Amino acid sequence: MKKNRLTLLGTIATLILTMFACTDDDSFTTSPGHLLTFSEDTIRMDTVFSRVPTAAKSFWVFNRSGDGVRCSQVKLEKGNQTGFRVNVDGTYLSSTMGYQTQNIEIRNKDSIRVFVELTSPENGLEGPQLMEDNIVFVHESGDVQRVNLSAYTWDAELLRNVVITGDSTIRGDKPTVVYGGIRVDSAATLHIPAGKTLYFHSGAGIDVYGKLLVEGTAEQNVVLRGDRLDHMFDYLPYDLVSGQWNGIHFYESSYDNNIAFADIHSTFNGIVCDSSDISRTKLELWNSIVHNCQGTALSVQNATVNVYNSQLTNTYGPCADLNGGNMVLQHCTLAQFYPFDAMRGPALQFCNAEGRPMQLACVNTLVTGYADDVVMGSQNDSTQVFDYRFINCILRTPKVESADSVRFENVIWENVEDTVGTGDNHFVLVDIDTQHYDFHLDSLSTAIGKANAEYALPADRDGKPRGETPDIGCYQYVALPADNDVE
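Because the structure is a prediction, the values reported are computed rather than measured.

## Some remarks on the overall build of the chain
Okay, so step 1: Along the backbone of the chain there are 2 helices and 41 strands.
Okay, so step 2: For the chain, the exposed area adds up to about 22500 Å²; of that, 49% sits on carbon and sulfur atoms.
Okay, so step 3: Positive and negative side-chain charges of the chain, numbering 35 and 62 respectively, have mean locations separated by a distance of 10 Å.

Pasting the structure below:
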């Protein structure tokens, strides 16, 4: 009797489990009107270069219809014509399957994830061109739903592991994307003409053993940047993120380099100059920007470098770092507001070392930042020359009470003498939240009219005339017309 009772209880339990196993969550409807819900109805890939794979984007497919939905087909509407690649719940829509998959089941109150990538073919047209496709979800019920895939694709010239062995110029109207890097041999010269933009893939840069001539103009800067055109977050494009590429490295054998009107940004190190014969000029940097570096903007190791009308800003290490050698900073703006790490270095660091004498001339230059002290100088070898002069500069550093008029001439000590307050008040825009910066002078800046006219350069970083009352820094302040003067 007891045995029969246990058997009966077991049978009842089995029936109950079977009933729960056959709930609505495990049934699939063929009735129209049971539709899927998508986390996004359009997947936008930003602007991408042709033949360059994008990062993956994804979206969720939710079933909130009240019953299970089975898709007899999920497919790319244009097949292999657009270069989109799709993975649906772990299954790639590949050419062997006709860019489709079958019998995708999404139970009631369940979801799947879809990943999308793109490698667009060349289109042979100028400028970014719209590329679209659809992921089509065909239900067993006959319902059809679509998610749009959209990108602007841009034909580009791809350079891979380029070695320059003679006098060469990077030409072409298309954007140029660099993989692996560019090496300029010791007997070679590379010209980058005005208006050219080079997009460097992660890990790529320019290694110079010979000579580099960047020939930008005020009207047509040369732009050197990373190749990511998409966004890290909705508010933050990768172009505003440091460390996207490797920057420019001048090796020991490299001399007489000239960079004019260049915009170099979002690098690891912007410009690195190796130790060399200090009786020869290694680099002249004119009217340029080196901004947002995960290392330094300008690192000079026992070399001779002259910097005029240039902006060196926002770096994890020092904005400008002189470790032995000779450096001139004339009408420059060094501003340290690097947002990604509170342990950022100073705006200006200089020292001598064993076997490395040092001479620094800093004239009509603005050196500021977030910290109370952004100027660091040290004499590491008392037997070596350690010579520096600051003339008509604004320095954010504690006032040197014993400062003599030879080393410090008409210096404004920002911390104690400058009514501008914090360093960011010198500038039009310092926005750490959106990573947008404009280092042109604000009307509040005490740099206005304080430069030494004898040492003034005739025009500023933008090519604007400085006139008879030049400003400290690389930008001459230009007052906006009053409201009642604007038509």
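## Section: the pairing of strand β41 (residues 436-441)
Okay, so step 1: The side-chain alternation of β41 yields one buried face, formed by Y437, F439 and L441, and one unburied face, formed by H436, D438 and H440.
Okay, so step 2: Relative to β41, strand β40 (residues 427-431) is paired through 4 bridges, and the arrangement is antiparallel. By the bridge assignment for β41, V430 is matched with Y437.
Okay, so step 3: Between β40 and β41, which follow one another and run antiparallel, lie 4 residues, and Q435 among them has a positive phi close to 65°.

## Considerations on the packing of aromatic side chains
Okay, so step 1: Enumeration according to the criterion identifies 25 aromatic pairs in this entry.
Okay, so step 2: Look at F49 and W154: their rings are 5.8 Å apart centre to centre, the planes differ by 25°, and that puts the pair in the stacked class. One end of the pair, F49, is in strand β2 (residues 42-49); the other, W154, is in strand β11 (residues 144-154), with 105 residues separating them in the sequence.
Okay, so step 3: Classification of F49 as buried rests on a relative accessible area of 2%.

## Overview of the environment of Q330
Okay, so step 1: Here Q330 lies in strand β30 (residues 320-330).
Okay, so step 2: Among the residues examined, Q330 registers a relative accessible area of 15% and is labelled buried.
Okay, so step 3: In sequence terms Q330 and G421 are 91 residues apart; their C-alpha atoms lie 24 Å from each other.
Okay, so step 4: Those residues in contact with Q330 that lie beyond four places of it in its chain are V307, Y308, N309, V363, T365, Y455 and L457.
Okay, so step 5: Within the structure, Q330 has its side chain in polar contact with the backbone oxygen of Y455 (distance 2.6 Å).

## A closer look at the sheet that holds strand β1 (residues 37-38)
Okay, so step 1: Within the open sheet, the 5 strands sit side by side as β1-β3-β9-β5-β6. Their pairing is antiparallel. Looking at which strands have only one partner, the edges of the open sheet turn out to be β1 and β6 (91-92).
Okay, so step 2: For strand β3 (residues 57-62) and strand β9 (residues 111-118), the ladder comprises 6 bridges, and the chain directions are antiparallel. Following the sheet pairing, F59 is matched in β9 by V114.

## Considerations on the pattern of salt bridges
Okay, so step 1: Under the defined criterion, the tally for this structure stands at 14 salt bridges.
Okay, so step 2: Note that R85 and E117 form a salt bridge whose closest N and O atoms lie 3.3 Å from each other. A residue pair is termed long-range when its members are at least 10 positions apart, and R85 in strand β5 (residues 84-88) and E117 in strand β9 qualify at 32 residues.
Okay, so step 3: Residue classification places E117 among the partly exposed residues on the basis of a relative accessible area of 23%.
Okay, so step 4: Of the charged contacts, one joins R396 and D372 as a salt bridge, the two residues approaching to 3.8 Å between their closest N and O atoms. Placement of the pair is R396 in the loop between β37 (394-395) and β38 (408-409) and D372 in the loop between β34 (366-369) and β35 (375-379), with a sequence separation of 24 residues.
Okay, so step 5: A cluster of three or more residues bridged by salt bridges with shared partners is formed by R70, E105 and E140.

## Describing the environment of R171
Okay, so step 1: Tracing the backbone through its elements, the reader meets R171 in the loop between β13 (167-169) and β14 (176-184).
Okay, so step 2: Judged by its relative accessible area of 63%, R171 falls in the exposed class.
Okay, so step 3: Spatially, the C-alpha atoms of R171 and F233 are 33 Å apart, while their sequence positions differ by 62 residues.

## Points about unusual backbone geometry
Okay, so step 1: The phi torsion at K109 lies on the positive side, around 65°, for a residue other than glycine.
Okay, so step 2: With respect to the secondary-structure elements, K109 resides in the loop between β8 (104-106) and β9.
Okay, so step 3: Residue class for K109 comes out exposed when judged on its relative accessible area of 70%.
Okay, so step 4: The backbone of S266 shows a phi angle near 60°, a positive value even though the residue is not glycine.
Okay, so step 5: Take S266: it is sitting in the loop between β24 (262-265) and β25 (271-273).

## Topic: the side chain of N108
Okay, so step 1: Mapped onto the fold, N108 is located in the loop between β8 and β9.
Okay, so step 2: At 3.1 Å, the side chain of N108 and the backbone nitrogen of G66 are in polar contact.

## What about the environment of L118?
Okay, so step 1: Within the secondary structure, L118 sits in strand β9.
Okay, so step 2: Sequence spacing of L118 and V52 is 66 residues, and the spatial spacing of their C-alpha atoms is 8.2 Å.

## Points about a nonpolar patch on the surface
Okay, so step 1: A contiguous nonpolar surface patch, about 300 Å² in accessible area, is contributed by M232, F233 and Y235.
Okay, so step 2: In this structure, Y235 sits in the loop between β20 (231-233) and β21 (236-237).
Okay, so step 3: Under the relative-accessibility criterion, Y235 is labelled partly exposed at 45%.

## Description of the side chain of T189
Okay, so step 1: Structurally, T189 is set in strand β15 (residues 189-193).
Okay, so step 2: When sequence neighbours within four positions are dropped, the list of residues in contact with T189 reads I164, G166, D167, S168, V184, K211 and L213.

## Overview of the pairing of β9
Look at any regular strand and the pattern is simple: side chains alternate between the two faces of the sheet.
Okay, so step 1: Of the two faces of β9, only one is covered, namely that formed by I112, V114, V116 and L118; the face formed by S111, R113, F115 and E117 stays uncovered.
Okay, so step 2: Pairing analysis gives 5 bridges linking β5 to β9, with the strands arranged antiparallel. The residue of β9 that forms the bridge with V86 is V116.

## Quick word on the state of the cysteines
Okay, so step 1: Summed over all chains, the structure comprises 0 disulfides.
Okay, so step 2: C293 forms no disulfide, and the closest cysteine sulfur to it belongs to C319, at a distance of 8.2 Å.
Okay, so step 3: Note on C293: relative accessible area 0%, which makes it buried.
Okay, so step 4: Here C332 stays unpaired: no disulfide links it, and the sulfur of C474, its closest cysteine neighbor, is 7.1 Å away.
Okay, so step 5: A residue is classified by how much of its surface remains accessible, and C332, at 0% relative accessible area, is buried.

## Topic: the confidence of the model for the chain
Okay, so step 1: Predicted confidence across the chain gives a mean pLDDT of 91, with 93% of residues reaching 70 or more.
Okay, so step 2: Under a pLDDT of 50 for its full length, residues 483-487 has, in the predicted model, 1 contact with residues more than four places off or in other chains.

Cut-offs and rules
Residues numbered from 1 in each chain as written. Predicted model: local features only at pLDDT ≥ 70, side-chain atom pairs only at ≥ 80, totals over all residues. Heavy atoms only, no water. Helix = DSSP H or I, 4+ residues; strand = E, 2+ residues; numbered from the N terminus. Areas by Shrake-Rupley, 256 points an atom, 1.4 Å probe, with all protein chains shown as cover. Lys, Arg positive; Asp, Glu negative; His and termini not counted. Charge placed at Lys NZ, Arg CZ, Asp CG, Glu CD. Buried < 20%, exposed > 50% of the residue type's maximum accessible area, 1.4 Å probe, protein only. Pairing = 2+ DSSP bridges. Phe/Tyr/Trp six-rings, centres within 6.5 Å; stacked < 30°, edge-to-face > 60°. Contact = heavy atoms within 4.5 Å. Polar contact = N/O pair within 3.5 Å; in protein donor to acceptor, adjacent residues only side chain to side chain. Salt bridge = Lys/Arg side-chain N within 4 Å of Asp/Glu carboxyl O. Patch = residues over 30% accessible without salt bridge, like charges linked within 9 Å, V, L, I, M, F, W, Y side chains within 5 Å. Disulfide = S-S within 2.5 Å. pLDDT = per-residue confidence, 0-100.

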